[in-house]
Amino acid sequence: MSSDEEYCKEALNQIVDLWPKSRNGAVIVGSPPIVSEQLRPLLANEFNPGELAIAFPGPALILAVNHAGAETVIDVHDATNYPWRARFVNVHENASGWRLASLAPLCPVCFGTGTNEGETCVICYGKGWGAG
Ligand SMILES: [Zn+2]
């Protein structure tokens, strides 16, 4: 495993610790989500704060790390074994330049395909992960 991949795994564990937690099994924690001061330095500019509205029941079980160029994708299961995908982008082109671009659960309607009954999925807008 490369130092880039190790850095992203470590950053993801920090992010999951700082991510909104579910309470009483509720998944949605409400909006507008607040980006905490601790979380902010770990996020890329393109990160959508709306993703924080979906709680992550930690800890993350890392299943796969795929690093290619300036992007690293980490597939994980949350504490309920639901699949999530984290995408990191490198903003400084060095081993400590990785920032989170997205952390989102598998779309419960299209299951990652981005299409539903032949149409672009209206829940994840064709991305296959997250909601909106
Ligand atoms: Zn979908």
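Use the structure listed above.
Attention here is on the structure that accompanies the text.

Each value, and the rule that gives it
- Per chain, residues are indexed from 1 in the order of the written sequence.
- Given that this is a predicted model, residues contribute local features only at a pLDDT of at least 70 and side-chain atom pairs are listed and counted only at 80 or more, while totals for whole chains, interfaces and linings are drawn from all residues.
- Segments assigned H or I by DSSP are reported as helices when at least four residues long, segments assigned E as strands when at least two residues long, and all are numbered from the N terminus.
- Once C-beta atoms are placed from the backbone, each residue is buried if 20 or more other C-beta atoms lie within 10 Å of its own, exposed if 12 or fewer, and partly exposed for counts between those two.
- To estimate the expected span of a helix, count its residues, drop one, and scale the result by 1.5 Å.
- Regarding the arc, it is the one traced by the directions from the helix axis to the C-beta atoms.

## Considering the environment of Asn 94
Secondary-structure assignment places Asn 94 in the loop between strand 3 (83-90) and strand 4 (98-105). Taking the number of C-beta atoms within 10 Å as the measure of exposure, Asn 94 has 11 and is therefore exposed. Spatially, the C-alpha atoms of Asn 94 and Asp 4 are 8.3 Å apart, while their sequence positions differ by 90 residues.

## Things to note about unusual backbone geometry
Following Gly 58, the chain continues to Pro 59 via a peptide bond in cis, the omega torsion being 0 degrees. Within the element layout of this structure, Pro 59 appears in the loop between helix 1 (3-18) and strand 1 (61-68). You will see that Phe 111, though not glycine, has its phi angle at about 55 degrees, which is positive. Locating Phe 111 in the fold gives a position in the loop between strand 4 and strand 5 (115-116). Under the C-beta neighbour-count criterion, Phe 111 is labelled partly exposed, with 13 such atoms within 10 Å. A positive phi angle, close to 50 degrees, is found at Glu 117, a residue other than glycine.

## As for helix 1
Over its 16 residues, helix 1 runs 23 Å from end to end, which matches the ideal 22 Å to within 8%, given 1.5 Å per residue. All buried positions along helix 1 are accounted for by Cys 8, Leu 12, Ile 15 and Val 16. Taken down its axis, helix 1 places every buried residue within 95 degrees of arc, on the same side. Projecting away from the buried face of helix 1 at angles above 90 degrees are the exposed residues Ser 3, Glu 6 and Glu 10.

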